Structures are given as C-alpha cells and as structure tokens.
Amino acid sequence: MASMAAVLNKTPFLSQPLTKPPASDLPIAAVSFPSKPRRRRGAVRAGLIAPDGGKLVELVVDEPRRREKKHEAAEMPRVELTAIDMQWMHVLSEGWASPLGGFMRESEFLQTLHFNSLRLDDGSVVNMSVPIVLAIDDEQKAGIGESKRVALVDSDGNPVAILTDIEIYKHPKEERIARTWGTTAPGLPYVEEAITNAGNWLIGGDLEVLEPVKYNDGLDRFRLSPAELRKELEKRGADAVFAFQLRNPVHNGHALLMTDTRRRLLEMGYKNPILLLHPLGGYTKADDVPLSWRMKQHEKVLEDGVLDPETTVVSIFPSPMHYAGPTEVQWHAKARINAGANFYIVGRDPAGMGHPVEKRDLYDADHGKKVLSMAPGLERLNILPFKVAAYDKTQGKMAFFDPSRPQDFLFISGTKMRTLAKNKENPPDGFMCPGGWQVLVDYYDSLTPADALAILLSHDYEEKNEDSDPRRKFKICKGEIIHGVVHKSGIFLRCGTCGNVYLSNLKMPGYKYVTGENLVFMNQNISRIQIDSTVHVSLRLISSGKRQRKSFLLCTASKGDNLGQF
C-alpha cells in the first residue's frame with residue numbers, strides 16, 4: 001500500500017469546496033459504461049487529445065513583462081472582480097476554455113446562449129455551452145468612458161488583469177437565465193449568487209492576467225492547469241485518459257466505476273489508461289462539504305488503496321458550478337478535452353439539481369448523457385454512460401445492480417450517508433473505506449450547531465421514498481434562517497432543494513395584501529413585503545404534534561415582524 005507521502009508526490013489533488021451529492025438526492029450510484037462504449041464519429045486515437053482550436057490559449061503575462069503591465073494597469077479605469085469573476089478569470093487564464101481569449105464579447109455570448117458552440121475563423125466549431133462573461137453596472141460603465149482598456153482588480157484593489165479592445169453591451173439577464181437553465185424560477189443558486197444583483201452591462205475583451213492565480217489556502221500545489229496536467233499525463237505514459245467529475249466524497253461505488261472503466265479500456269487495447277479524478281473547485285452552494293474536507297477524504301481513499309495512485313491523477317477543476325444540467329455538462333466535458341482527456345464518464349442527471357420551487361428534479365435524468373452524445377464540438381470525445389450500482393448485501397460490497405435480484409441490493413442515498421456521518425454511525429462494511437468515512441464523521445462533528453443546521457436544512461431530511469405524504473419535511477431548529485418568495489397568496493418558503501413550504505396569507509396576522517401599482521403585504525407598522533421579493537424568516541418556536549408534525553412560528557429576520565405559522 002502506497003504511503004501518503006508517495007501519493008502526494010505522484011498524485012495532484014484538489015482544493016476548494018466541491019459540491020454536495022446530486023441535488024435530486026436519489027440513490028448514490030456508482031456506475032459503469034455499457035458492454036460497448038458509445039463511440040463518437042471517427043476512430044479513437046491513442047494518446048492525448050488535441051485542445052479545442054488546436055492549442056491551449058494561456059493568458060498569463062510572461063514574467064519579464066509583468067512589472068510593465070502592472071504600471072500600465074495603474075493608469076486605467078478599474079473594474080473590481082467578485083470571487084466568482086476571479087474564478088472565471090482563473091479558468092480563462094489557464095486555457096480551460098480554449099480557444100476563448102478573454103471574457104466574451106457579444107457575438108461569443110450570443111453564440112454560446114443560442115448554439116452552445118463557437119464558430120472559429122476557419123469555419124470549425126468548438127463547444128461552449130455556458131457564458132463566461134463579466135458584468136458591470138452603470139457607474140462602472142460611465143467610469144470606463146471611451147477607454148478601450150480596463151484594469152481588473154481584486155477585492156483589495158490590486159490589479160490582477162487587463163482587458164483590452166473592450167466591448168460593452170447589454171446584460172440580458174432573463175434571456176441568459178432562461179437559455180442556460182431552461183427556467184427563470186426563483187431559487188437557482190448560481191443565479192442568486194452571480195446574476196440577479198449583477199450589473200446591467202457586460203464587458204468583453206482580450207484578457208491579460210498579470211500573475212498566475214493563487215488562492216493561498218494550502219492547496220494551490222494541487223491545482224494543475226491543462227498544460228501541467230498534459231505534462232503529468234505524458235510523464236505517466238498515458239495512451240488514454242478517462243475523466244470523472246464528482247462533487248461528493250468518494251465511496252466504493254465510485255471506485256468500482258473507475259476501476260471497471262480502466263479494465264474495459266485495457267480490454268479495448270489501450271496499454272496505460274489513466275484516470276483523471278477531477279472534482280470541481282470553484283463556486284458551489286454553501287451547504288456542500290468543503291473541499292478541504294473532501295481533500296482529506298480523497299487522501300484516505302488513496303492511502304487505503306481503493307484507487308491506485310500510480311494510475312490516478314487527482315486535480316482541481318477551477319470552474320464555478322452552475323447546476324445547469326445538460327447545458328453545463330457540455331462545458332464540463334469540453335474543458336476536459338483541453339486537459340487531455342479523450343474519454344468522459346457521465347452518469348445520472350449530471351450537473352443537475354432539484355427544481356427550486358416544485359417537488360421534482362429540474363432536468364430529466366437521462367438528458368445529460370444524451371446531449372453529450374450529440375453536442376456540437378464534442379465529436380472527438382468518447383462518452384461513457386454508466387449504469388447504477390448499489391450495496392450488494394449478499395457480497396457485503398458495492399456492486400453493479402442486478403435487476404433479477406433487487407431484494408439483494410441496498411441503495412444508500414446522499415441523505416442517508418450524511419445522516420449516518422452526522423450521527424457518527426457506520427455504513428455497511430464495504431460502502432466506503434474506514435479512513436474516508438472517519439473524515440466525513442469528523443467534518444460533521446466539527447460543525448457548530450448553527451453550521452450543522454444550515455447543512456441539514458439544505459437537504460431533504462426525509463428520504464424521498466420513505467414517506468408518501470406529498471408535503472416535504474425537513475429538520476429545523478430555533479433561530480435558523482430560511483428563505484421565501486412572496487406571491488399574492490402568501491410566501492413560498494424554500495431551503496436548498498426543499499421547496500413548496502407554504503405560508504398562506506391567511507396565517508399572516510396583521511398583514512394585508514395591498515393592490516396597486518406595486519403589490520405588497522403591509523401591516524399596521526407599515527412594514528412592507530413586496531411582491532416577488534426575497535425575504536428571510538427566522539424560526540422562533542417549535543410546537544410538536546402527533547406523528548412528528550411540527551408547526552413553525554416565523555418572523556422576518558430584518559424587522560422581527562410576526563408572519564405566523566405554517
């Protein structure tokens with residue numbers, strides 16, 4: 001068994017919060033591709049696949065020119081970047097979005113929204129399914145004036161990049177949201193974080209990044225660029241690279257999938273297939289297991305020999321997460337081409353989430369893999385769909401599901417896994433390596449009561465298949481803040497994927513629905529809750545009833561006004 005030191009020397013790791021298990025919270029499934037992997041047009045070529053456009057577009061200024069560029073930036077109009085903007089700058093700077101050379105101008109933005117692809121000067125097409133754009137507000141636009149160059153600065157005002165030959169155009173937020181997510185329903189995490197309150201203008205141009213992006217969080221050495229990954233893969237003599245993106249701790253079902261994939265590639269004639277285990281490291285929802293903890297868990301998986309460090313490269317994919325389903329999974333696949341992968345593993349509902357308002361998944365579970373099989377610009381990539389695996393009680397381990405004996409299999413959902421870890425209970429032997437499981441237990445044990453509550457609230461605390469009651473239930477404690485959207489008939493509360501928790505206007509004492517040009521609920525103190533506005537509500541009282549029914553007395557967090565029970 002390899003030592004951890006050896007693993008760290010040979011296996012780059014990841015570095016920032018990943019995401020939680022699929023938001024739909026259906027059974028965690030390991031998988032394997034069918035008896036014959038889905039072939040794309042053209043022969044599969046051994047070795048590393050060429051980047052989109054033929055070469056990596058790396059945008060970091062050469063070191064001898066950095067001082068000069070910083071002096072130039074000091075004299076330019078400034079645009080301050082958000083944390084997510086910085087992550088997109090990181091993505092662009094290392095060539096993950098090759099051949100894109102900067103934040104999108106309008107023509108690139110529209111092609112991305114409407115075609116999920118970009119047409120290059122030579123007429124060829126590359127995939128590009130999510131907009132990589134930079135928003136500015138009216139004040140910033142006015143400050144830029146007629147300048148053709150702007151300095152991009154971090155939150156401390158330090159110049160980090162220059163955008164040249166700029167183009168400023170309208171930010172069509174509704175169109176962007178509708179095209180990217182297929183809905184404009186309230187409660188989409190990335191939309192609320194990065195679009196709703198963003199400026200009404202977009203600025204695009206050629207990007208020059210003044211320094212390699214570093215996070216100084218102790219994990220930068222595990223963040224490998226596409227060029228660095230290609231170098232590492234060539235060093236290992238890879239003749240095939242199969243990429244697997246995950247947002248969860250690795251359990252033995254995942255390991256079964258990955259080891260079985262390698263076995264199948266060897267049977268196909270490849271001599272040294274290498275696994276790129278590539279968790280997402282940019283923005284994720286606040287309730288996801290932080291990357292630092294997942295990092296520890298992955299270390300244990302390698303230490304315990306669940307995955308072979310000699311044939312596994314673990315690295316960070318720095319992109320923010322959209323939770324945009326079939327649209328976003330194309331971006332995930334395209335970026336791995338630029339890192340050298342010629343096989344991409346895709347499972348159920350990739351990049352999906354629960355509907356933010358209705359009690360259902362936002363996307364069809366099979367559409368992601370179907371879209372990848374025919375997406376423009378991904379013809380060179382071999383798509384490997386997988387089938388479900390579960391815990392086989394007869395063997396005491398994770399195995400591919402056999403429909404002829406369903407009674408022998410146990411599905412351990414993400415909810416169940418988190419509940420077991422939080423309660424310091426062990427899963428069945430063979431579900432996850434003991435060291436990896438202990439990391440999860442330690443993570444939940446490290447949370448303060450408020451932190452733990454926030455995590456639990458974002459998941460459906462009850463298993464979907466354990467209750468026929470059409471109303472969803474979730475665990476909540478005194479003082480917790482959840483969110484609601486105001487409509488004419490009352491407030492629809494939600495927490496993470498849990499939606500349709502309804503507070504009727506009939507149970508809002510003292511509040512009256514006022515019609516007019518601006519529709520609001522108003523009380524005698526002139527406290528206003530405007531239509532379609534987001535409100536925060538805080539639990540003040542729990543009253544338990546029969547069969548674990550609970551009613552909650554809510555107050556607006558900002559005013560302390562009594563909104564009543566639901």
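So, here is what we can say about the structure in this document. (Residues numbered from 1 in each chain as written. Predicted model: local features only at pLDDT ≥ 70, side-chain atom pairs only at ≥ 80, totals over all residues. Heavy atoms only, no water.)

## A few points about the nonpolar core
Nonpolar side chains in soluble globular proteins tend to be buried together.
Turning to step 1, where the next piece is worked out: Counting 79 residues, the largest nonpolar core has Phe 103, Ile 132, Leu 152, Leu 207 and Trp 331 as its most contacted members.
Turning to step 2, where the next piece is worked out: Residues Leu 257, Val 314, Ile 345 and Cys 433 belong to the second largest nonpolar core, which totals 21 residues. (Core = buried A, V, L, I, M, F, W, Y, C linked by side-chain atoms within 4.5 Å. Buried < 20%, exposed > 50% of the residue type's maximum accessible area, 1.4 Å probe, protein only.)

## What to know about the pairing of strand S12 (residues 382–385)
Turning to step 1, where the next piece is worked out: Residues Asn 382 and Leu 384 of S12 are buried on one face, and the alternating residues Ile 383 and Pro 385, pointing to the opposite face, are buried as well.
Turning to step 2, where the next piece is worked out: The sheet contact formed by strand S11 (residues 343–346) and S12 spans 4 bridges and is parallel. Counterpart to Tyr 344 in the pairing with S12 is Ile 383.
Turning to step 3, where the next piece is worked out: Viewed along the sheet, the connection from S11 through helix H12 (residues 367–372) into S12 turns out right-handed. (Helix = DSSP H or I, 4+ residues; strand = E, 2+ residues; numbered from the N terminus. Pairing = 2+ DSSP bridges. Right-handed = clockwise from strand over helix to strand, strands pointing away.)

## Describing the packing of aromatic side chains
Turning to step 1, where the next piece is worked out: This structure, assessed with the given rule, holds 11 aromatic pairs.
Turning to step 2, where the next piece is worked out: Residues Tyr 270 and Phe 343 carry aromatic rings whose centres are separated by 5.7 Å and whose planes lie at 90° to one another, so their mutual orientation is edge-to-face. Here the residue Tyr 270 occupies a position in the loop between helix H9 (252–267) and strand S9 (273–277), and Phe 343 occupies one in strand S11, the gap between them amounting to 73 residues.
Turning to step 3, where the next piece is worked out: Classification of Tyr 270 as buried rests on a relative accessible area of 10%.
Turning to step 4, where the next piece is worked out: A centroid spacing of 5.6 Å and a plane angle of 45° characterise the contact between Phe 401 and Phe 411, whose relative ring orientation is tilted. Of this pair, Phe 401 sits in the loop between strand S14 (397–400) and strand S15 (409–410) while Phe 411 sits in the loop between S15 and helix H13 (414–422); the two residues are 10 residues apart in sequence, bridging distant segments of the chain.
Turning to step 5, where the next piece is worked out: These aromatic residues form a ring-pair network of at least three members: Trp 88, Trp 96, Phe 317 and Trp 331. (Phe/Tyr/Trp six-rings, centres within 6.5 Å; stacked < 30°, edge-to-face > 60°.)

## A closer look at the sheet that holds strand S1 (residues 78–80)
Turning to step 1, where the next piece is worked out: One open sheet accounts for 5 strands, arranged S1-S5-S6-S7-S4; its pairing is mixed. Each end of this open sheet is capped by a strand with a single partner; those strands are S1 and strand S4 (135–136).
Turning to step 2, where the next piece is worked out: Relative to strand S7 (residues 201–209), strand S6 (residues 159–170) is paired through 8 bridges, and the arrangement is antiparallel. Note on S7: the bridge partner recorded for Leu 163 is Leu 207.
Turning to step 3, where the next piece is worked out: Relative to the sheet, helix H3 (residues 83–94) contacts S1, S6 and S7, its axis offset from that of S7 by approximately 45°. (Contact = heavy atoms within 4.5 Å. Axes fitted to C-alpha atoms, helices over the stretch in contact; angles between N-to-C directions.)

## Focus on the pairing of strand S8 (residues 240–244)
Turning to step 1, where the next piece is worked out: Here S8 lies mainly inside the structure; 5 of its 5 residues are buried.
Turning to step 2, where the next piece is worked out: Both faces of S8 are covered, namely the face carrying Ala 240, Phe 242 and Phe 244 and the face carrying Val 241 and Ala 243.
Turning to step 3, where the next piece is worked out: As judged from the 5 bridges shared by S8 and S9, these two strands associate in the parallel manner. If you follow Ala 240 over to S9, its bridge partner there is Pro 273.

## Quick notes on helix H10 (residues 291–303)
Turning to step 1, where the next piece is worked out: Taking 1.5 Å per residue as the helical rise, H10 with its 13 residues ought to reach 18 Å, and the 18 Å between its terminal C-alpha atoms agrees with that figure.
Turning to step 2, where the next piece is worked out: Looking at H10, one finds that the buried residues are Leu 291, Trp 293, Arg 294, Met 295, Gln 297, His 298, Val 301, Leu 302 and Glu 303.
Turning to step 3, where the next piece is worked out: Just past H10, the residue Gly 305 takes up positive phi, approximately 75°. (Expected span 1.5 Å × (residues − 1).)

## A look at the pattern of salt bridges
Turning to step 1, where the next piece is worked out: Applying the stated criterion across every chain yields a total of 23 salt bridges.
Turning to step 2, where the next piece is worked out: With a closest N to O distance of 2.7 Å, Glu 267 and Arg 263 form a salt bridge. Of this pair, Glu 267 and Arg 263 both sit in helix H9, 4 residues apart, roughly one helical turn.
Turning to step 3, where the next piece is worked out: What makes Glu 267 exposed here is its relative accessible area of 55%.
Turning to step 4, where the next piece is worked out: A salt bridge links Glu 358 to Arg 360; the nearest nitrogen and oxygen atoms lie 2.6 Å apart.
Turning to step 5, where the next piece is worked out: Taking relative accessible area as the criterion, Glu 358 reaches 37% and is therefore assigned partly exposed.
Turning to step 6, where the next piece is worked out: A residue is classified by how much of its surface remains accessible, and Arg 360, at 38% relative accessible area, is partly exposed. (Salt bridge = Lys/Arg side-chain N within 4 Å of Asp/Glu carboxyl O.)

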